[in-house]
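Single-letter residue listing:
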Amino acid sequence: MEAARRGASWAVRKLNGVNKNGISSKYRRRYIKWNVLIDAPFLISNQCCFQMKEKQLLQYEKESGKKPIVALLAEESERRRMAYLRTGCNSFDSSRVMSKPLAFWTEQDILWYIVEHDIGIAPPYGSIIKNTDGKLRCTKEQRTGCMFCPVGCHLDGFGKYRRLREYNQQLYDYCMYELGLDFVLKWIKENINCNMN
Ligand code: SF4
């Protein structure tokens, strides 16, 4: 997206669903729905996680000499799964020494553990219930992470922001009106097919 917004022809072709010869590509057609974001009146970048989180952590590791213990799960992505298979829970030899003690747990393992050991969870998650398929889930947020992050928020009709307002009106106002997310969400509602159910 960032490259397409800079005008890189390979990236624009991708978002237009065509291959390098300008011919419609079945594989690339799935990107067309994001084409509208090329002209969105706000910044979009794949650098967000790096600039907002990883850069500071790397800096701290460098200055303090400390190594991170993180709660990444192998099941979260193919990249994380492959990294786990390469190093196991503790990567002593890789370029970034790190411990991932939860890596072999699945999200379901964690929810079952919480229920079986009656461990308290933070209010934004609500409570844990069982679906009809037997799987556990939280009644409110499934993940918290960056609480203002808009990635994927159109898929559940912007529910995370409604819940944020109920949970903490002050934070909601800060996010919407100080940081300007109100403007971004209005634009998304007008220009992207949102699931408002
Ligand atoms: S706001 Fe979203 S994309 Fe940005 S750092 Fe947080 S989780 Fe990553």
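Remember, it's a predicted structure, so these values are computed and weren't measured experimentally.

**Examining the packing of aromatic side chains**
In step 1: By the definition in use, this model includes 5 aromatic pairs.
In step 2: A centroid spacing of 5.4 Å and a plane angle of 90° characterise the contact between Phe42 and Trp187, whose relative ring orientation is edge-to-face. Of this pair, Phe42 sits in the loop between α2 (9-15) and α3 (48-64) while Trp187 sits in helix α8 (residues 181-191), placing them 145 residues apart in sequence.
In step 3: Overall, the relative accessible area of 12% leaves Trp187 in the buried class.
In step 4: Relative to Tyr174, the ring of Phe148 lies with its centre 6.2 Å away and its plane at 50°, an arrangement referred to as tilted. With Phe148 in the loop between β4 (136-138) and α6 (159-167) and Tyr174 in helix α7 (residues 169-178), the pair connects residues that are 26 residues apart, well separated along the chain.
In step 5: Relative accessible area serves as the criterion here: at 41%, Tyr174 is assigned to the partly exposed category.
In step 6: Here the basic side chain of Lys14 rests over the ring of Tyr31, its NZ or CZ set 5.1 Å away from the ring centre.
In step 7: A cation sits over an aromatic face here: Lys189 above Phe158, 5.0 Å from the ring centre.

**Looking at the side chain of Ser99**
In step 1: With respect to the helices and strands, the residue Ser99 is situated in strand β2 (residues 98-99).
In step 2: At 2.7 Å, the side chain of Ser99 forms a polar contact with the side chain of Asn90.

**Thoughts on unusual backbone geometry**
In step 1: The residue Asp118 is not glycine, and still its phi comes out positive at about 50°.
In step 2: Relative to the assigned elements, Asp118 resides in the loop between α5 (107-116) and β3 (128-130).
In step 3: A positive phi angle, near 65°, is found at Phe158, a position not held by glycine.
In step 4: When its relative accessible area of 4% is taken as the criterion, Phe158 is described as buried.

**Quick notes on the domain arrangement of the chain**
In step 1: Structurally, the chain comprises domain 1 (2-39), domain 2 (48-99), domain 3 (107-138) and domain 4 (153-191).
In step 2: Of note, the centres of domain 1 and domain 4, computed from C-alpha atoms alone, are 28 Å apart.

**Structural notes on the nonpolar core**
In step 1: In terms of nonpolar packing, the biggest core is built from 17 residues, with Phe158, Tyr161, Met176, Leu181, Leu185, Trp187 and Ile188 touching the most fellow members.
In step 2: If you list the elements that add at least two residues to this core, you get α6, α7 and α8.
In step 3: It is α8 that provides the largest number of residues to this core, a total of 5 residues.
In step 4: In contact with Phe158, other than residues within four places in its own chain, are Cys153, Leu185, Ile188, Lys189, Cys194 and Met196.
In step 5: Counting 6 residues, the second largest nonpolar core, distinct from the first, contains Ala4, Ala11, Leu15 and Tyr31.

**Let's talk about the environment of Val70**
In step 1: With respect to the helices and strands, Val70 occurs in the loop between α3 and α4 (78-87).
In step 2: Separated by 61 residues in the primary sequence, Val70 and Asn131 have C-alpha atoms spaced 28 Å apart.
In step 3: When near neighbours in sequence (up to four residues on either side) are disregarded, Val70 contacts Met98, Ser99, Lys100 and Pro101.

Conventions used here
- Residues numbered from 1 in each chain as written.
- Predicted model: local features only at pLDDT ≥ 70, side-chain atom pairs only at ≥ 80, totals over all residues.
- Heavy atoms only, no water.
- Phe/Tyr/Trp six-rings, centres within 6.5 Å; stacked < 30°, edge-to-face > 60°.
- Helix = DSSP H or I, 4+ residues; strand = E, 2+ residues; numbered from the N terminus.
- Buried < 20%, exposed > 50% of the residue type's maximum accessible area, 1.4 Å probe, protein only.
- Lys NZ or Arg CZ within 6 Å of the ring centre and 35° of its normal.
- Polar contact = N/O pair within 3.5 Å; in protein donor to acceptor, adjacent residues only side chain to side chain.
- Domains from an automatic or database assignment.
- Core = buried A, V, L, I, M, F, W, Y, C linked by side-chain atoms within 4.5 Å.
- Contact = heavy atoms within 4.5 Å.

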